[in-house]
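Spelled out, the chains give:
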Amino acid sequence: MQPVVLLISLILMALLSAVFYMASKASEGEAPGPNANSKRTGLIWAMVVLGVIVSVGSLRSWPHALASTGDALEVNVSGGQWWWDIDTTEIPAGTPVNFNVTTEDVTHGMGIYDSELTLLTQVQAIPGYTTKVTYTFAEPGSYQLLCMEFCGVAHHDMVNEFEVVAVEE
Ligand SMILES: [Cu+2]
C-alpha cells in the first residue's frame with residue numbers, strides 16, 4: 001500500500017507542477033483572446049464530470065455495515081483502565097464473530113492482533129455504547145486484544161489474549 005500512495009503522491013505533485021509551469025508560461029505571452037474563457041469553461045466542466053465519475057466509481061461499502069452477521073458467534077468485550085475483559089477464551093476458526101465492545105470508564109480502542117502483531121480489525125470502545133465489529137479468523141492460533149487509544153499511564157498494559165481453534169469437520 002505504501003508504495004502505491006507514494007507513487008500517487010508523486011504523480012499528483014508532477015501534475016500540479018506542470019499546471020503551475022503552464023500557467024506561468026501562459027502569462028508571458030500576449031493578452032488572452034476573446035475565446036479564452038470558453039476554453040476554460042469547457043475544461044472546468046470536463047473536470048467536474050471526471051470528478052463525479054471518479055468519486056462514484058471509487059465508492060466502497062461502509063465496512064461497519066458488515067457488523068452483526070446473522071449466524072455469527074457473539075463475543076462481548078469490555079474495556080477499562082487498564083484491562084480488557086473478553087467473555088470467551090476460545091473462538092472457532094472460520095466462523096464469523098460479532099464483537100460487541102464497550103468500556104466502563106474512558107474511551108479505548110479495541111484492536112485485534114495476530115501472533116505477529118499484525119492488526120486484523122479494530123473498533124472504538126465508547127462508554128455507554130456498544131460498538132460492533134465482525135471478523136472471521138482464518139487461522140488457528142493466539143490472538144491479542146490491545147488498546148489503540150492512549151487512555152492513561154498503564155495504557156500499554158491493556159492486553160488480553162484468546163485462542164482461535166481449528167474446527168473438526
Ligand atoms: Cu485503553
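Residues numbered from 1 in each chain as written. Predicted model: local features only at pLDDT ≥ 70, side-chain atom pairs only at ≥ 80, totals over all residues. Heavy atoms only, no water.

**With respect to the environment of Met22**
Tracing the sequence through the fold places Met22 in helix H1 (residues 2–26). For Met22, a relative accessible area of 56% translates into the label exposed. (Helix = DSSP H or I, 4+ residues; strand = E, 2+ residues; numbered from the N terminus. Buried < 20%, exposed > 50% of the residue type's maximum accessible area, 1.4 Å probe, protein only.)

**What about the packing of aromatic side chains?**
Going through the model one piece at a time under the given rule, you end up with six aromatic pairs. Considering the side-chain rings of Tyr143 and Phe162, the 5.9 Å spacing of their centres and the 15° angle between planes classify their relative orientation as stacked. One end of the pair, Tyr143, is in strand E8 (residues 141–147); the other, Phe162, is in strand E9 (residues 159–165), and 19 residues separate them in sequence. Through successive ring pairs, a cluster of aromatic residues spans Phe99, Tyr135, Phe137, Tyr143 and Phe162. (Phe/Tyr/Trp six-rings, centres within 6.5 Å; stacked < 30°, edge-to-face > 60°.)

**Structural notes on the sheet that holds strand E5 (residues 108–113)**
Spatial strand order, E3-E9-E8-E5-E6: five strands in an open sheet with mixed pairing. This sheet does not close on itself; its edge strands, each paired only once, are strand E3 (90–92) and strand E6 (119–125). Sheet twist, expressed as the mean angle between neighbouring strand axes with direction ignored, is 25°. (Pairing = 2+ DSSP bridges. Axes fitted to C-alpha atoms, helices over the stretch in contact; angles between N-to-C directions.)

**Examining the UniProt feature "transmembrane region" (unreviewed entry) in the chain**
Feature annotation in UniProt assigns "transmembrane region" (unreviewed entry) to the following positions: residues 42–59. Measuring from the first to the last C-alpha atom of residues 42–59 gives 26 Å, for a span that is 89% helix and 0% strand. (UniProt positions renumbered as here; feature names shortened; annotations may be inferred.)

**Brief notes about the coordination of the copper ion**
In this structure, His108 (ND1), Cys147 (SG), Cys151 (SG) and Met158 (SD) serve as the protein donors to the copper ion, at separations of 2.0 to 2.5 Å. Note that the copper ion binds four donor atoms; their angles at the metal cover 92 to 126°, and the shape is tetrahedral. Here the donor residues of the copper ion share one chain and are spaced in sequence as H-x38-C-x3-C-x6-M. There is no split in this pair, since Cys147 and Cys151 are both buried. (Donors = N, O, S within 2.8 Å, 3.2 Å for Na, K, Ca; no water. Tetrahedral: all angles 85-135°; square planar, octahedral: opposite > 155°, others 65-115°.)

**Describing the sheet that holds strand E4 (residues 96–103)**
Strand pairing in a sheet relies on backbone hydrogen bonds, with the paired strands running either antiparallel or parallel. Read across the sheet, four strands follow the order E2-E1-E4-E7 without closing on themselves; strand pairing throughout is mixed. A single partner strand is all that each edge strand has here, and the edge strands are strand E2 (83–86) and strand E7 (131–136). Put simply, the sheet's adjacent strands are angled 25° from each other on average, direction ignored. Inspection of the sheet shows strand E1 (residues 73–80) paired to E4 by seven bridges, in the parallel sense. Bridged to Val75 within E4 is Phe99.

**Overview of the nonpolar core**
Of all hydrophobic cores here, the largest spans 22 residues; its most connected members are Val77, Phe99, Met110, Phe137 and Phe162. For this core, the elements supplying multiple residues, two or more each, are E1, E2, E4, E5, E6, E8 and E9. Ignoring sequence-local partners within four residues, the contact set of Phe99 consists of Val75, Val77, Ile91, Met110, Ile112, Thr131, Lys132, Val133, Tyr135, Phe137 and Phe162. (Core = buried A, V, L, I, M, F, W, Y, C linked by side-chain atoms within 4.5 Å. Contact = heavy atoms within 4.5 Å.)

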